[in-house]
Amino acid sequence: MSEQVLPFYLVCDESSSMQGPPLDAINQELPRIYQEIASNPVVADKARLCLIGFSTHAEVLLPLADLNEIQSLSQLSPRGVTNYGTAFSLLRDTIERDIKELKQAGHTPFRPTVFFLTDGQPTDDWHGDHQRLVDPAFGPHPTILAFGFGEVRPETLQKVATFRAFIANGDVSPAQALREFARQLLNSVVQSAVASSASPSSGALMVFPDQAKGYTVLPAEPV
């Protein structure tokens, strides 16, 4: 029987405006996320995580991996401008390759989940790359949850998200907002993996946040 796996993609803004507390907070939280997931056998067996950083260009910082096999984590570093298109283009190519490889390895991959994080308005025309990513004709088109703070506008996050968007409401500092983002990512991965393991015949029982401390929840725009 093939093994069911849940692919998660963490796509983080590394533009220059993220320098300081925002990226420091994410870099501090990432090792904790990976350690907590890897320490839970049920979750580690089900979940696969990939980290992509983007600014002027996008880069896969951690290929989709079984967390038991990760030796070290790349740090996010500030640079460049906020090009969403490069992130969506790379994400589509990466997902397509990852899903193919998972199937070839005998796994049953479920629809990917993307946690997208940004602090600024895009500096490029990103809509075409985004549409190619979320187009239902693209088999493994992902579910996208968008989190934003700083200068990004709510309507931008709603266009990025396919499920739900979250905009920081100013009740907490940027660093606290980033830690809450990390907590929601961790909770979603853990709860989804546990739920799917408990009811394997039901397929992937994905658990997504319906609220987050310090954020206002926004509905995604229809794709």
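This report concerns the structure included in the present document. (Residues numbered from 1 in each chain as written. Predicted model: local features only at pLDDT ≥ 70, side-chain atom pairs only at ≥ 80, totals over all residues. Heavy atoms only, no water.)

### Comments concerning the overall build of the chain
Logical step 1: Within the chain one finds six helices and eight strands.
Logical step 2: Mapped from its N terminus to its C terminus, the chain presents α and β elements in the order β-α-α-β-β-α-β-β-α-β-α-β-α-β.
Logical step 3: By its C-alpha atoms, the chain is 50 × 35 × 30 Å across when sized along the principal axes.
Logical step 4: Relative to its full complement of 223 residues, the chain shows a buried share of 51%.
Logical step 5: In the chain, the share of contacts with a sequence separation of at least 24, taken over all contacts with a separation of at least 6, comes to 77%.
Logical step 6: Of the roughly 9600 Å² that the chain leaves accessible, carbon and sulfur atoms contribute 49%.
Logical step 7: On the chain, the mean spot of the 16 positive side-chain charges and the mean spot of the 25 negative ones are 4 Å from each other. (Helix = DSSP H or I, 4+ residues; strand = E, 2+ residues; numbered from the N terminus. Buried < 20%, exposed > 50% of the residue type's maximum accessible area, 1.4 Å probe, protein only. Contact = heavy atoms within 4.5 Å. Areas by Shrake-Rupley, 256 points an atom, 1.4 Å probe, with all protein chains shown as cover. Lys, Arg positive; Asp, Glu negative; His and termini not counted. Charge placed at Lys NZ, Arg CZ, Asp CG, Glu CD.)

### Considerations on the side chain of Thr143
Logical step 1: If you trace the backbone, Thr143 turns up in strand 6 (residues 143-148).
Logical step 2: Leaving out residues up to four positions away in the same chain, Thr143 has contacts with Arg111, Pro112, Thr113, Val114, Thr162, Phe163 and Phe208.

### Remarks on the pattern of salt bridges
Side chains that carry opposite charge are capable of pairing whenever their charged atoms lie near each other.
Logical step 1: All chains considered together, the criterion is met by eleven salt bridges.
Logical step 2: A salt bridge links Glu59 to Arg79; its shortest N-O distance comes to 3.8 Å. Taken together, the residues Glu59 in strand 3 (residues 58-66) and Arg79 in the loop between strand 3 and helix 3 (84-104) connect sequence positions 20 residues apart.
Logical step 3: When its relative accessible area of 40% is taken as the criterion, Glu59 is described as partly exposed. (Salt bridge = Lys/Arg side-chain N within 4 Å of Asp/Glu carboxyl O.)

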